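Here is how the chains run, residue by residue.
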Amino acid sequence: MPLSITKRQNGAATIVDVTGEITLFNAPDLRKVLMELLKVEKARVIVNMTNSAYIDSAGVACLVEALKVARESKLPFAIFGLNRVAKEVFELTRLIHVFDVYGSEEEALRAAQQAPSSAAV
Amino acid sequence: MPVTETLGQATIDGLAYLGDLAILMGRSLHAIIVAPFQGQRLRGQRVVHQAMSAGVGAIPILSLISFFIGVIMALQSAYELRKLGAIALVARAVAISITRELAPLITAIVVIGRSGSAFAAEIGSMKVNEEIDALETMALDPIQFLVAPKLLAMLLMLPCLTTWADFMGILGGATFGVSVAGFTLGSYIQATLHSIAFRDIVTGLIKSVMFGAVITAVGCQEGLSTGLGAEQVGRSTTSAVVKSIFLVVAVDLVFTLLFYFTTSR
Amino acid sequence: MRPRSSRDESGRQADGGIAIRVRNLRVNYGEHEVLHNIGFDVKAGETIAILGGSGSGKTTLLRSLVGLERPSGGAIWIRGQDLCCISPREMAELRKKFGISFQGGALFGSMTVGENVALPLREHTRLDDSTIEVLVRLKLEEVGLSGYEDYNPAQLSGGMKKRAAIARALTMDPEILFFDEPSAGLDPIIAAGIDDLILKLKRAFGMTIVVVTHELASAFLIADRMVLVDKGNIIAIGTPEEMKANPQPRVRQFLDRVPDPEVSADEGFLDRLTQNLRL
Ligand SMILES: Nc1ncnc2c1ncn2[C@@H]1O[C@H](COP(=O)(O)OP(=O)(O)OP(=O)(O)O)[C@@H](O)[C@H]1O
Ligand SMILES: [Mg+2]
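Quick look at the structure, then. What you are looking at is a predicted structure, and each value in this text was computed from that prediction instead of being measured.

**With respect to the state of the cysteines**
All names here are of chain C.
Thinking step 1. Enumeration according to the criterion identifies 1 disulfide over all chains in this entry.
Thinking step 2. Between the sulfur of Cys 84 and that of Cys 85 lies a disulfide, 2.3 Å long from S to S.
Thinking step 3. Judged by its relative accessible area of 45%, Cys 84 falls in the partly exposed class.
Thinking step 4. A residue is classified by how much of its surface remains accessible, and Cys 85, at 56% relative accessible area, is exposed.

**Brief notes about the layout of surface pockets**
Thinking step 1. Taken as a whole, the largest pocket spans an internal volume of roughly 1700 Å³.
Thinking step 2. Forming the walls of the largest pocket are 48 residues, and the residues nearest its centre are Ala 139 and Asp 141 of chain B together with Pro 88, Arg 89 and Ala 92 of chain C.
Thinking step 3. Looking at the lining of the largest pocket, the elements with two or more residues in it are α1 (2-34), α6 (142-179) and α8 (198-224) of chain B together with β4 (73-78), α3 (88-95) and α4 (113-124) of chain C.
Thinking step 4. When grouped by side-chain class, the residues that make up the lining of the largest pocket number 21 nonpolar, 13 polar and 14 charged.
Thinking step 5. Of the voids in this model, the second largest pocket is the one considered here, and its volume is about 890 Å³.
Thinking step 6. Forming the walls of the second largest pocket are 34 residues, and the residues nearest its centre are Gln 45, Arg 46 and Phe 145 of chain B together with Met 111 and Glu 115 of chain C.
Thinking step 7. Of all the secondary structure elements, the ones that give two or more residues to the lining of the second largest pocket are α2 (44-54), α4 (90-128) and α6 of chain B together with α4 and α5 (129-142) of chain C.

**Notes on the environment of Arg 43 of chain B**
Thinking step 1. Residue placement: Arg 43 of chain B occurs in the loop between α1 and α2.
Thinking step 2. Linking Arg 43 of chain B and Leu 155 of chain B, residues 112 residues apart in sequence, is a C-alpha distance of 15 Å.
Thinking step 3. Excluding its chain neighbours within four sequence positions, the residues that come into contact with Arg 43 of chain B are Leu 140, Gln 144 and Phe 145 of chain B together with Glu 123 of chain C.

**Side note on the coordination of the magnesium ion (ligand 2)**
All names here are of chain C.
Thinking step 1. Within the first shell, the magnesium ion (ligand 2) binds the protein through Thr 59 (OG1) and Gln 103 (OE1), at distances of 1.8 to 2.2 Å. With a gap of 44 residues between them, Thr 59 in helix α2 (residues 58-65) and Gln 103 in the loop between β6 (98-101) and α4 connect regions that are remote in the sequence.
Thinking step 2. Exposure remark for Gln 103: the relative accessible area of 35% places this residue in the partly exposed category.

**Examining the packing of aromatic side chains**
Thinking step 1. Tallying each qualifying case throughout the model produces 9 aromatic pairs over all chains.
Thinking step 2. When the centroid spacing of 5.2 Å and the interplanar angle of 70° are considered together, the rings of Phe 98 of chain C and Phe 178 of chain C count as edge-to-face. Here Phe 98 of chain C is found in strand β6, whereas its partner Phe 178 of chain C is found in strand β7 (residues 176-180), with 80 residues between them in sequence. With respect to class, Phe 98 of chain C is no different from Phe 178 of chain C; both count as buried.
Thinking step 3. The ring of Tyr 17 of chain B is capped by Lys 243 of chain B, whose NZ or CZ atom sits 4.4 Å from the centre of that ring.
Thinking step 4. The ring of Phe 108 of chain C is capped by Arg 168 of chain C, whose NZ or CZ atom sits 4.8 Å from the centre of that ring.

**Structural notes on the packing of α4 of chain C against helix α6 (residues 158-170) of chain C**
Residue and element names in this part refer to chain C.
Thinking step 1. Put simply, α4 and α6 touch, their axes get as near as 7 Å, and they point 25° apart. Classified by the angle between their axes, α4 and α6 sit roughly parallel to one another. With respect to the hand of their crossing, α4 and α6 are arranged in right-handed fashion. Of α6, the residues touching α4 (which contributes Val 113, Asn 116 and Val 117) are Ala 164, Ala 167 and Arg 168.

**What about the site of ligand 1?**
Thinking step 1. Residues in contact with ligand 1 amount to 14 residues; listed here are only the nearest, Ser 54, Gly 55, Lys 58, Thr 59 and Thr 60 of chain C.
Thinking step 2. More than one chain lines the surroundings of ligand 1; the residues nearby belong to chains B and C.
Thinking step 3. Here Gly 57 of chain C contributes a backbone N or O atom positioned 2.9 Å from an oxygen atom of ligand 1.
Thinking step 4. Thr 59 of chain C is positioned with one of its side-chain polar atoms (N or O) 2.6 Å from an oxygen atom of ligand 1.
Thinking step 5. For ligand 1, the protein covers 65% of the area, taking 630 Å² as the surface of the free molecule.
Thinking step 6. For the shell around ligand 1, the element with the highest residue contribution is α2 of chain C, accounting for 3 residues.
Thinking step 7. Across the shell around ligand 1, the residue classes break down as 3 nonpolar, 9 polar and 2 charged.

**Some details on the sheet that holds β7 of chain C**
Residue and element names in this part refer to chain C.
Thinking step 1. Taken in spatial order, the 6 strands make up an open sheet running β6-β7-β8-β3-β9-β10, and their pairing is mixed. Looking at which strands have only one partner, the edges of the open sheet turn out to be β6 and β10 (233-238). Each neighbouring strand pair of the sheet contributes to a mean axis angle of 15°, computed without reference to strand direction.
Thinking step 2. For strand β3 (residues 47-52) and strand β8 (residues 208-212), the ladder comprises 4 bridges, and the chain directions are parallel. When the bridges of β8 are listed, Thr 47 appears paired with Ile 209.
Thinking step 3. Across the sheet, α2 touches β3, β6, β7 and β8, and the angle it forms with β7 is around 155°.
Thinking step 4. Sheet contacts for helix α7 (residues 188-205): β3, β7 and β8; angle to β8, the most-contacted strand, approximately 160°.

**Here we look at α6 of chain B**
Residues and elements named next belong to chain B.
Thinking step 1. End to end, α6 covers 53 Å across 38 residues, agreeing with the expected 56 Å (1.5 Å per residue, within 8%).
Thinking step 2. Most pronounced at Ala 148, the bend in α6 amounts to some 35°, and the proline Pro 149 follows within four residues.
Thinking step 3. Counting buried positions along α6 yields 28 of 38 residues, so the element is predominantly enclosed.

**A short note on the pattern of salt bridges**
Thinking step 1. Counted by the stated rule, this structure contains 36 salt bridges over all chains.
Thinking step 2. Between Glu 33 of chain C and Arg 26 of chain C there is a salt bridge; the shortest N-O distance is 3.0 Å.
Thinking step 3. If you follow the salt bridges from partner to partner, you end up with Glu 130 and Asp 133 of chain B together with Arg 63 and Glu 69 of chain C in one network.

**Overview of the arrangement of the chains**
Thinking step 1. The protein chains that touch form 2 pairs of chains, and the pair with the most contacts between them is chains A and C.
Thinking step 2. Looking at chain A next to chain B, you find no contact at all, with the nearest C-alpha pair sitting 15 Å apart.

**Some thoughts on the side chain of Asp 252 of chain B**
All names here are of chain B.
Thinking step 1. Looking at the secondary structure, you find Asp 252 in helix α9 (residues 231-263).
Thinking step 2. Relative accessible area serves as the criterion here: at 6%, Asp 252 is assigned to the buried category.
Thinking step 3. Leave out the neighbours within four places in its chain, and Asp 252 touches Glu 101, Leu 105, Lys 207 and Phe 211.

Cut-offs applied
- Residues numbered from 1 in each chain as written.
- Chains lettered and ligands numbered in written order.
- Predicted model: local features only at pLDDT ≥ 70, side-chain atom pairs only at ≥ 80, totals over all residues.
- Heavy atoms only, no water.
- Disulfide = S-S within 2.5 Å.
- Buried < 20%, exposed > 50% of the residue type's maximum accessible area, 1.4 Å probe, protein only.
- 1 Å grid on protein atoms, 1.4 Å probe; cavity = no way out; pocket = protein on both sides within 12 Å on 5 of 7 lines; lining within 4 Å.
- Points joined across faces, edges and corners; volume = space filled by probe spheres on them.
- Helix = DSSP H or I, 4+ residues; strand = E, 2+ residues; numbered from the N terminus.
- Nonpolar A, V, L, I, M, F, W, Y, C, P; charged D, E, K, R; others polar.
- Contact = heavy atoms within 4.5 Å.
- Donors = N, O, S within 2.8 Å, 3.2 Å for Na, K, Ca; no water.
- Phe/Tyr/Trp six-rings, centres within 6.5 Å; stacked < 30°, edge-to-face > 60°.
- Lys NZ or Arg CZ within 6 Å of the ring centre and 35° of its normal.
- Axes fitted to C-alpha atoms, helices over the stretch in contact; angles between N-to-C directions.
- Parallel < 35°, antiparallel > 145°, perpendicular 65-115°, else oblique.
- Left-handed = near helix turned anticlockwise from the far one by under 90°.
- Near = heavy atom within 4 Å.
- Polar contact = N/O pair within 3.5 Å; in protein donor to acceptor, adjacent residues only side chain to side chain.
- Areas by Shrake-Rupley, 256 points an atom, 1.4 Å probe, with all protein chains shown as cover.
- Pairing = 2+ DSSP bridges.
- Expected span 1.5 Å × (residues − 1).
- Bend = angle between axes of the 7 residues up to and from the residue.
- Salt bridge = Lys/Arg side-chain N within 4 Å of Asp/Glu carboxyl O.

Below you can see the structure in the form of structure tokens.
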């Protein structure tokens, strides 16, 4: 399935809905979207992986880059909706505890709103 | 009977070898000229790297050798011309022999020693170490990845080096001319410019491009056909040098004949 | 390139499709036939361990599977494509889905460890340099080599080379992994780490994995099925349980680690020792 990435605003956060498989060949598209949100718009980003059946190491690497940028600008950055296989990939790369991973959009949103915002204002 | 048989076999082997070289050349040229239009990158960085080591790295030693050759040519021709009272023709003799023949040949020999042997050793040790297999199984064509950048670098660098050798050789001649044969620097340059035609330089450069192709093809072919075991790398390197020198001289002969018969009448 | 969804049917998911099919395979080195009439299947998502004595032809078999040795007979299908008859371009596309670590590592001596691991990504994808950098570090981390990006292969120990080669085989998250003795020469802790990695790769990516190994314990741990090769023939094939129950003497000897019986020195022995000598 081709990758589609859409953005929507939900409260204080921007939800990035990822649909389809994130692979070596389309990971740069995801990276571009995330980097623009984090660097230009200084948004609080939550990545919705519910409809993404598969993510490979390159996709994970892009998320790592995004997380680094978010941490540097003290922006919350969260992921939710990882399926079993995606969780395995995060566990394989030992990143499951590095990211803020939530079960649902509400949880992720609540956490993002609570997070102190230094850059957003 | 065995003699003719051996001779026949040697001829067949020789032709087969030339065929292998031609195939290697064809595939590398394809990688240089056609593949970039099919969306496959030509590895610019590798070309630059090769051009630096094969080209720029050769300049010091090449300068020295071609300067000496220039002096030697001047001495040798002055020896004869003096008897004829025509010592003023030294500049002409040096200029023509250097640009037409000696600069391309000396450059080729220096490059064979420095780069042709290095190509064979590099690719040969990659072969022995299964690195060539690794490249192939990564869907990287060894010819496109290894040979093509070397070929492009050599095709670009040999004419440049040859031009530089022309200059250094003539400088060598001038040093003799000014210090012994009564030229001033100005008059020597004048005499040189009068005696060489543009064509002399161009034929020299065309030859040097051919030499570049031969040296790369032989070096890489020897490397790629390296057998098993480390001592085979040494064997490949040696035979790359010997075969390149032979083929460069053979190509030189063919081209010189060609130029002779197409321009003399 | 084919759409990813169609690849999934045979590759990514362990749905029982056939990833590798080998029939009547024969491979020669010159006159010398090394593999005789080899045949087996590897299902997609399955881990197969190839076991066998030294010199029995395991490496040769692996090299044939990835198209480095040309069979003198028989056929190999990978993901349904017959290796004998596919175009170089199709072969290249297929090989982009392979990850291979050679018995000797085969790291590129002219590149650093990091560049070695990054090479397939740089050549085959348009990932940003920084993504590649992160990915390379992730892979080196997985094999326990973090911090060695800038080392030259020559500066690594034997076991470290082996692990760097594994990291390189993994960079593209391949569909089919071929490992030639991945844990030979590694200490028990790291060898166990590699076994663990193989199991995780299988779970996370559903990779099809072909491992040549001498380590019986490791083979029993990671393999769904085992192939036992002896002098160029397959003498047994089956799940670890089936192998344990296999009564064939040669299989038992291999699995129970029994040395060959000592042959008493006969006439032939003296002849062998003194063959071609002018005394
Ligand atoms: N390039 C080659 N040329 C000629 N013979 C070879 C070559 N490679 C291997 N052989 C021979 O093929 C046979 C099988 O070798 P192979 O490397 O496949 O064994 P293996 O099972 O991998 O052994 P090991 O467990 O020791 O690695 C051996 O008898 C070997 O001598
Ligand atoms: Mg082996």
